[in-house]
Amino acid sequence: MSLSSLGLTALDETVYRALLCGDEASPDLVGTSAALERLVALELVRLEPDGRPVAVDPEIGIDRLIRRRLLETSAEQRRIADAWKALHLLSAQRHGPDRTVTIERIDGIDQIDERIWSLALDAREVLTVQSDRRRPRPDMLPAYLHRLGEGVRWRTIISRKSLADPELMEYSLTLHRAGDHHRLVDDAGQQMVIVDRSVAFVPTTPDDCTQSALMISQAGAVATMVDLFERVWTHAVDLEPHPASSLTPRERQVLHLLSSVDKDEIAAREMGVSLRTYRRHVADLFDRLGAANRFQAALLAKQQGWI
């Protein structure tokens, strides 16, 4: 497997692999010195006090290089996103204050993915509905997991029948356990992606997101799609339902108080904790349930047999 995507030339990789095997880079090989300098700069090789080059463990060096490249890619995509924002502003200024562009057509799956990810990189929340034609994207998995690790709230609705594919089932579980909470429905409906409740992407042709998509930023239309998502999410089933036996006594107490006490101040007194601590327990429980409010939390807890 080539390491060219991480910025290494073929010679760099040859020298690095030779050093990993304990071989000294041949001094008469053209370009070896320059390759060693690049490898040292990339922190894949270190020089001993006597000047001898030693390869850094790939689990450390390559991992560090991957993370660095992800950050560089993220920065570049953010710059591209800023350019798109400038384009929309300039277009709006040209057409006048009442002619702001709120719907844009994007052609080609690569361009669609690029536009979605340029926004998702800075997003606080992403909501997605995946069609039955969803396919795993292992090429995007590292960036996906990196973004989830940064704490973005990601929720995905998929259909039960789409999990008949073992590869897709494994892919969905990987994302679900990393923080992209998946829920199942009998029919997921049309595919959509909503970023920060302000921009939505939908296919121009129903059930086919590979050809072109519409990017919608009209507030009323996006709010309608968010409402639809939340309604479906409330009645969907968790990809990995938590049995009631997995609840801690504290979580059981919080659930009981949520369903029986209206005011947080009263609930906190009953628990014998501060208001801030009680609300933190509630927020943790909401995250576990994938709920956005008290009503959803109570409904989802009942669906899963927790109360």
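Note that the coordinates shown come from a computational prediction; the quantities given were computed from them, not determined experimentally. Starting from 1, residues in each chain are numbered consecutively following that chain's sequence as written. Reporting in this predicted model follows two pLDDT cut-offs: at least 70 for local features of residues, and 80 or more for side-chain atom pairs to be given and counted; totals over whole chains, interfaces and linings ignore these cut-offs and use all residues. No hydrogens and no water enter the side-chain calculation; it runs on all heavy atoms of the structure.

Q: Tell me about the overall build of the protein, and name the residues and values.
A: Runs of H or I in DSSP of at least four residues are treated as helices and runs of E of at least two as strands, each being numbered from the N terminus. Within the protein, the secondary structure is distributed over 11 helices and 10 strands. Throughout, exposure labels follow a simple rule: accessible area from a 1.4 Å probe, protein chains only, divided by the maximum for the residue type, with under 20% read as buried, over 50% as exposed, and the rest as partly exposed. Taken across its 307 residues, the protein has 42% of its residues classed as buried. Across the protein, the fraction of contacts at a sequence separation of at least 24, relative to all contacts at a separation of at least 6, is 67%. Surface exposure of the protein reaches about 17,100 Å², of which carbon and sulfur atoms provide 55%. Pairs of residues are marked as contacts when any of their non-hydrogen atoms sit within 4.5 Å. Only the protein chains shown count as cover for residues, and all accessible areas are computed by the Shrake-Rupley method using a 1.4 Å probe.

Q: Summarise the packing of helix α5 (residues 141-149) against helix α6 (residues 166-178); cite the residues concerned and give the values.
A: In contact at an axis separation of 9 Å, α5 and α6 are set at 25° when each is read in the N-to-C sense. If you check the angle between α5 and α6, you find them roughly parallel. In this structure, α5 uses L141, Y144, L145 and L148 to contact α6, whose residues at the interface are Y171, L175 and A178. Each residue gets one label: Ala, Val, Leu, Ile, Met, Phe, Trp, Tyr, Cys and Pro are nonpolar, Asp, Glu, Lys and Arg are charged, and the others, such as Gly, are polar. Class assignment for the residues of the contact of α5 with α6 results in seven nonpolar, no polar and no charged. Whenever a helix is involved, its axis is fitted only over the stretch in contact; in every case the axis is a line through C-alpha atoms, and angles between N-to-C directions fall within 0 to 180 degrees. What sets the label is the angle itself: under 35 degrees gives roughly parallel, over 145 gives roughly antiparallel, 65 to 115 gives roughly perpendicular, and the rest give oblique.

Q: Just give me the short version of the nonpolar core, but keep the residues and values in it.
A: Within this scheme, the nonpolar core is defined by two criteria: the residues are buried Ala, Val, Leu, Ile, Met, Phe, Trp, Tyr or Cys, and they are joined through side-chain atoms within 4.5 Å. W117, V126, Y144, W154, Y171, V193 and F201 are the most contacted members of the largest nonpolar core, which totals 23 residues. When residues of this core are traced back to their parent elements, those giving at least two are α4 (109-120), α5, α6, β7 (192-195), β8 (199-205) and β9 (208-216). By residue number, the principal contributor to this core is α4, which donates four residues. Beyond its immediate stretch of four places on either side in the chain, F201 contacts I106, R115, I116, L119, Q191, M192, V193, V195, L214 and M215. Counting residues in hydrophobic clusters, the runner-up holds 16 residues, among them M192, V222, V226 and A236.

Q: Tell me about unusual backbone geometry, and name the residues and values.
A: Backbone phi values are negative for most residues with the exception of glycine, while trans is the configuration of most peptide bonds. Its identity as a non-glycine residue notwithstanding, D196 has a phi of 55°, on the positive side. Its location among the elements puts D196 in the loop between β7 and β8. Residue class for D196 comes out partly exposed when judged on its relative accessible area of 22%. For R197, which is not glycine, the phi torsion reads 55° and is therefore positive. Overall, the relative accessible area of 38% leaves R197 in the partly exposed class.

Q: Mind laying out the pairing of β7, listing which residues take part and the relevant values?
A: Here β7 shows a buried face lined by M192 and I194 and a second buried face lined by V193 and V195. The sheet contact formed by strand β4 (residues 125-129) and β7 spans four bridges and is antiparallel. Looking across to β7, one finds that L127 is bridged to I194. Paired strands, as defined in this entry, are two strands with at least two bridges between them according to DSSP. Of the pairings in the sheet, the one linking β7 to β8 comprises three bridges and is antiparallel in character. By the bridge assignment, V195 is partnered in β8 with V199.

Q: Residues and numbers for the pairing of strand β6 (residues 180-185), please.
A: Along β6, five of the six residues are buried, which leaves the element largely enclosed by surrounding structure. Of the pairings in the sheet, the one linking strand β5 (residues 153-159) to β6 comprises six bridges and is parallel in character. Opposite I158, over in β6, you have L184 as the bridge partner. Sheet analysis places β6 next to strand β10 (residues 237-238), joined by two bridges and oriented antiparallel. Among the inter-strand pairings, L184 is bridged to a residue of β10, identified as V237.

Q: A description of helix α1 (residues 10-20) should follow, citing residues and the corresponding values.
A: Listing the buried residues of α1 in full gives D12, E13, V15, Y16 and L19. Viewed end-on, α1 has its buried residues packed into an arc of 165°, placing them on one side of the element. Taken from the residues just after α1, G22 is the one with a positive phi, measuring 90°. Taken from the helix axis, the directions to the C-beta atoms give the arc we talk about.

Q: How would you explain the packing of aromatic side chains if you had to name every residue and give the values?
A: Two rings from Phe, Tyr or Trp (for Trp, the six-membered ring) form a pair when their centres sit within 6.5 Å of each other. Planes less than 30 degrees apart are called stacked, planes more than 60 degrees apart edge-to-face, and all others tilted. In the structure shown here, the tally under the stated rule is four aromatic pairs. An angle of 45° between the planes, with centres 4.8 Å apart, marks the rings of Y144 and W154 as tilted. With Y144 in helix α5 and W154 in strand β5, the pair connects residues that are 10 residues apart, well separated along the chain. With respect to burial, Y144 and W154 carry one shared label: buried. An angle of 15° between the planes, with centres 5.8 Å apart, marks the rings of F229 and W233 as stacked.

Q: Residue-level account of the environment of T156, with values.
A: Within the secondary structure, T156 is located in strand β5. Between the C-alpha atoms of T156 and T128, which are 28 residues apart in sequence, the distance is 4.7 Å. In this view, T156 contacts T128, Q130, R134, Y144, D180, H181, H182, R183 and W233; residues no more than four positions away in its chain are not counted.

Q: An account of α6 is requested, with residue identities and associated values reported.
A: The α-helix advances 3.6 residues per turn, and as a result positions three or four apart in sequence lie on the same side. Here α6 contains 13 residues, and its C-alpha end-to-end distance of 18 Å stays within 8% of the 18 Å for a straight helix at 1.5 Å per residue. Within α6, the full set of buried residues consists of L168, Y171, S172, L173, L175 and H176. Buried-residue contacts for α6 involve α5, β5, β6 and β10. Multiplying one less than the number of residues by 1.5 Å gives the expected span of a helix.

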